[in-house]
Amino acid sequence: MKLKHFTFLFILLSFFFSCKENEVTKPTIKQDLLIDLGKLDNEIVQFQKLVTTNASSKEIVAQFKKSRLAYKKTEWAIEYFIPETARFMNGPALDEMELEENRSFEPHGFQVMEEMIYPEYDSKSKEDLIRELNIFQSNIKQLKSTFEVITISDDYVLDAIQQNVFRVITLGITGFDSPILQSSIPEAGESLISIPETLEKINPQNKSIATLREITKKAQKYCTDNTNFNTFNRAVFISEYLNQISKNLKAFQKEENIKNVKKNSPLKPTIETLFDKDAFDVNAFVLSEEYNYTKEKAILGEKLFYDKGLSKNNDRSCATCHNPEKAFTDGLKTNVSLTGSNLARNTPTLTYASLQNAQFWDMRQLDLEKQSVDVIQNKDEMHGSMENIHAKIQQDKEYVALFKKAYPKNTKPEAWQIQNAIASYVRSLNSFDSRFDAYMRGNKNALNKEEIEGMNLFMGKAKCATCHFTPLFNGTVPPSYSKTEHEVIGTPSNVSGKSLSPDKGRYIYNQMPQLVGAFKTPTVRNSAVTAPYMHNGVFKTLEEVVSFYNKGGGIGLGYEVENQTLPFDKLNLTVKEEKALVAFMKTLTDKNTSKTKIKPQFNKNAEKYIFSAFSISNL
């Protein structure tokens, strides 16, 4: 009898310890990640062997694709936790620049290798390719060392996965990180499939995981069934798969009571999809907390914006060049200076300007506060004096009252608050209420067939979205939105296209050869009402703009633009495709811009009023 009890107890204990052992040995998220990095390393080793043994071009390209697929399975973590290393593994094949020190670093990684092996691998590139592979392998080693020591908590895992979904939308399916080979579509499916596997490590019993597994499988199948980069339907893929994955990730977070990661990010932590109306937080672009946007600051800033008293001769306000009916542009090739001569550059829209990390075409100012002072004190534009403006405002009872509401901690207006108030008004000009936005939020009738084709061209064959990133459609790089890009496109000096624009752009302030002719990438939102286009207003219509890009930019027109960042091969868009592309860009027009009539609220003089059409409730 005792023996039976002992045997039973032994079996019970064995079962208990076996379960505990399985519990302990079950791979964690970090362990899985290290395993996947080992698989990536193995693919790179195989890549090295093929190059070393002079394998065929076909074999080398095939192995390159396999290596990229292995990278995509780890990208969610590499890009999130160690972005500095990620930049040199899968960043653009362009020099990385530190403008403060006028230094640049040569690029490394997949995109550099891609240029070496495609469309045809030349054995003359063998040594350079082996060098790149050795650097890549060193980066994998560094990643392993880093991941072994850092803590990867559930909140960071979930945030990293969500950011990776946004990366697929904005960079992955646009060809941003596979510009030549265009292997983006199967890679997008690969980067999504591990989502439910990873979340199971947090809680395998969670109800949302089954839904996520089903959606990600369908998403991967959609990529497998539609591998052609040029014909891939991004509108369907985003709306029916990626947005649904995003929503279910948020549901998982709520069910697991996982807190939001505290960080200064333009993307609000509460959003369900990248296309939510209130997805972006303008306060992520301000100097410090005291500069944060408030409704009261915007009301004050609106009054200042239309006040001619800010100019030296009391005859020009900010609104003189930024007309709300033209999405805060002026409709001119270039505006006229105070002395009657033409200004050098076209007036850019102020809509969505607050969602950039640099201002002006040449990016000479980093924030809207400095931008407003630059214009007000510029002798050709307003020639005002901030000191005099400050003195006048302190004597104006109406202004003093508004300043008290906007800055309740201060007893009287301060000079910096003038800049901050104007900037706050500009920060209120982000409507996100175009037909495109309606479509991405579920209204399938918001876009017609031609416009959807245009969207797919914009994010695919036409390569527009590799510089004008969805959904801001400017050069602020997703998904961290911590950097705003410039591009060198070889803009002509006039519409005849016979000569290159002599304007050196950003080079004027940062004299590095890569920056000659470099200009900030503006938003395409509201572009239907912000003609003419480019830094010099050279093109009158969107059709002319599309034609320029279709020809390959400046190099395509025959100019010598050694540092052109725009792909200079012809896009080979058909007439029908060009028309569809323009049709899509017109869907990015905000409702207020095209429909609302202006109702003045201040009537002291012609421009000293608030326009209610662009309500500060837009934020």
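Keep in mind it's a predicted model, so treat the numbers as computed, not measured.

Trainee: Please set out unusual backbone geometry residue by residue, giving values where relevant.
Mentor: Comment: phi is negative for the bulk of residues other than glycine, and the bulk of peptide bonds are trans. With omega at 10 degrees, the peptide bond leading from Y118 into P119 counts as cis. Examined against the element boundaries, P119 turns out to sit in the loop between α5 (110-117) and α6 (126-149). Look at the link from P478 to P479: it is a cis peptide, with omega at -5 degrees. By the element assignment, P479 lies in the loop between α19 (449-458) and β3 (486-487). Phi is positive for Y481, close to 55 degrees, though the residue is something other than glycine. Here Y481 shows up in the loop between α19 and β3.

Trainee: An account of the nonpolar core is needed here, citing residue identities and associated values.
Mentor: Formed by 118 residues in total, the largest nonpolar core has its most connected members in L199, F237 and F458. The contacts of F237, once residues within four sequence positions are left out, are V168, I173, A188, L192, A219, Y222, C223, F232 and L242.

Trainee: Break down the pattern of salt bridges for me, with residues and values.
Mentor: Any two side chains of opposite charge can pair, so long as their charged atoms come close to each other. Enumeration over the complete set of coordinates arrives at 29 salt bridges. R68 is the salt-bridge partner of E187, the closest N and O atoms lying 2.6 Å from each other. Highlighted residues: E187 in helix α8 (residues 184-193) and R68 in helix α3 (residues 57-81), separated in sequence by 119 residues. Each member of the pair, E187 as well as R68, is classed as buried. Between D159 and K263 there is a salt bridge, with its nearest N and O atoms 2.6 Å apart. On the criterion of sequence distance, the pair formed by D159 in helix α7 (residues 154-170) and K263 in the loop between α11 (234-255) and α12 (295-305) is long-range, its members being 104 residues apart. Judged by its relative accessible area of 18%, D159 is buried. A network of salt bridges, in which partner residues are shared, links R68, K72, E75, D177 and E187.

Trainee: Now, about the packing of α12 against helix α16 (residues 397-406): what can you tell me, with residues and values included?
Mentor: Across the interface, α12 lies against α16 with an axial gap of 8 Å and an inter-helix angle of 150 degrees. As far as their axial angle goes, α16 and α12 are roughly antiparallel. As for how α12 packs across α16, the hand of that crossing is left-handed. On the side of α12, the interface is formed by E296, K297, I299, L300, K303 and L304, while α16 contributes E398, Y399, L402, F403, K405 and A406. Considered class by class, the residues forming the contact of α12 with α16 number seven nonpolar, no polar and five charged.

Trainee: Quick one: what's the story with the side chain of S246, residue by residue and with numbers?
Mentor: With respect to the helices and strands, the residue S246 is situated in helix α11. We classify S246 as buried; its relative accessible area is 0%. There is a polar contact of 3.1 Å between the side chain of S246 and the side chain of Q162. The residues touching S246, leaving out its near neighbours within four places in the chain, are Q162, V165, F166, E272 and T273.

Trainee: Pulling in residues and values, what's your account of α12?
Mentor: Of all 11 residues in α12, eight are buried; the element is thus mostly enclosed. Where α12 is concerned, the buried positions are K297, A298, L300, G301, E302, K303, L304 and F305. Buried residues along α12 sit in contact with α13 (318-321), α15 (386-394), α16 and α17 (415-426).

Trainee: Before we move on, could you go through the environment of G309 and cite the residues and values that matter?
Mentor: Along the chain, G309 turns up in the loop between α12 and α13. Here the alpha-carbon distance between G309 and I389, two residues 80 residues apart in the chain, equals 7.6 Å. Those residues in contact with G309 that lie beyond four places of it in its chain are N314, I389 and K392.

Trainee: Quick one: what's the story with helix α2 (residues 29-52), residue by residue and with numbers?
Mentor: Compared with the 34 Å implied by 1.5 Å per residue over 24 residues, the 35 Å span of α2 between its first and last C-alpha is a close match. N54 sits one or two positions beyond α2 and adopts a positive phi of about 60 degrees.

Trainee: Any details on the environment of Q162? Residues and values, ideally.
Mentor: Assignment of secondary structure puts Q162 in helix α7. What makes Q162 buried here is its relative accessible area of 11%. The sequence separation of Q162 and L274 amounts to 112 residues, and the corresponding C-alpha distance is 9.7 Å. The contact partners of Q162, leaving out residues within four places of it in the chain, are S246, L249 and E272.

Trainee: Give a detailed account of the packing of aromatic side chains, specifying residues and quantitative values.
Mentor: A complete count under the given rule lists 33 aromatic pairs for this structure. Taking the centre distance of 6.0 Å and the plane angle of 45 degrees together, the rings of F237 and Y241 count as tilted. With F237 and Y241 both in helix α11 and four residues apart, this pair spans about one turn of that helix. Comparing F237 with Y241 shows no difference in burial state: the two are buried. Plain terms: the ring middles of Y352 and F432 are 4.9 Å apart, the flat faces sit at 80 degrees to each other, and that makes the pair edge-to-face. Of this pair, Y352 sits in the loop between α13 and α14 (368-377) while F432 sits in the loop between α17 and α18 (435-440), placing them 80 residues apart in sequence. A single burial state applies to Y352 and to F432, both of which are buried. If you follow K303 out to its NZ or CZ, it ends over the ring of Y399, 4.8 Å from the centre.

Criteria and cut-off values
Residues numbered from 1 in each chain as written. Predicted model: local features only at pLDDT ≥ 70, side-chain atom pairs only at ≥ 80, totals over all residues. Heavy atoms only, no water. Helix = DSSP H or I, 4+ residues; strand = E, 2+ residues; numbered from the N terminus. Core = buried A, V, L, I, M, F, W, Y, C linked by side-chain atoms within 4.5 Å. Buried < 20%, exposed > 50% of the residue type's maximum accessible area, 1.4 Å probe, protein only. Contact = heavy atoms within 4.5 Å. Salt bridge = Lys/Arg side-chain N within 4 Å of Asp/Glu carboxyl O. Axes fitted to C-alpha atoms, helices over the stretch in contact; angles between N-to-C directions. Parallel < 35°, antiparallel > 145°, perpendicular 65-115°, else oblique. Left-handed = near helix turned anticlockwise from the far one by under 90°. Nonpolar A, V, L, I, M, F, W, Y, C, P; charged D, E, K, R; others polar. Polar contact = N/O pair within 3.5 Å; in protein donor to acceptor, adjacent residues only side chain to side chain. Expected span 1.5 Å × (residues − 1). Phe/Tyr/Trp six-rings, centres within 6.5 Å; stacked < 30°, edge-to-face > 60°. Lys NZ or Arg CZ within 6 Å of the ring centre and 35° of its normal.

Fair warning: the whole summary comes from geometry, so function is off the table for now.
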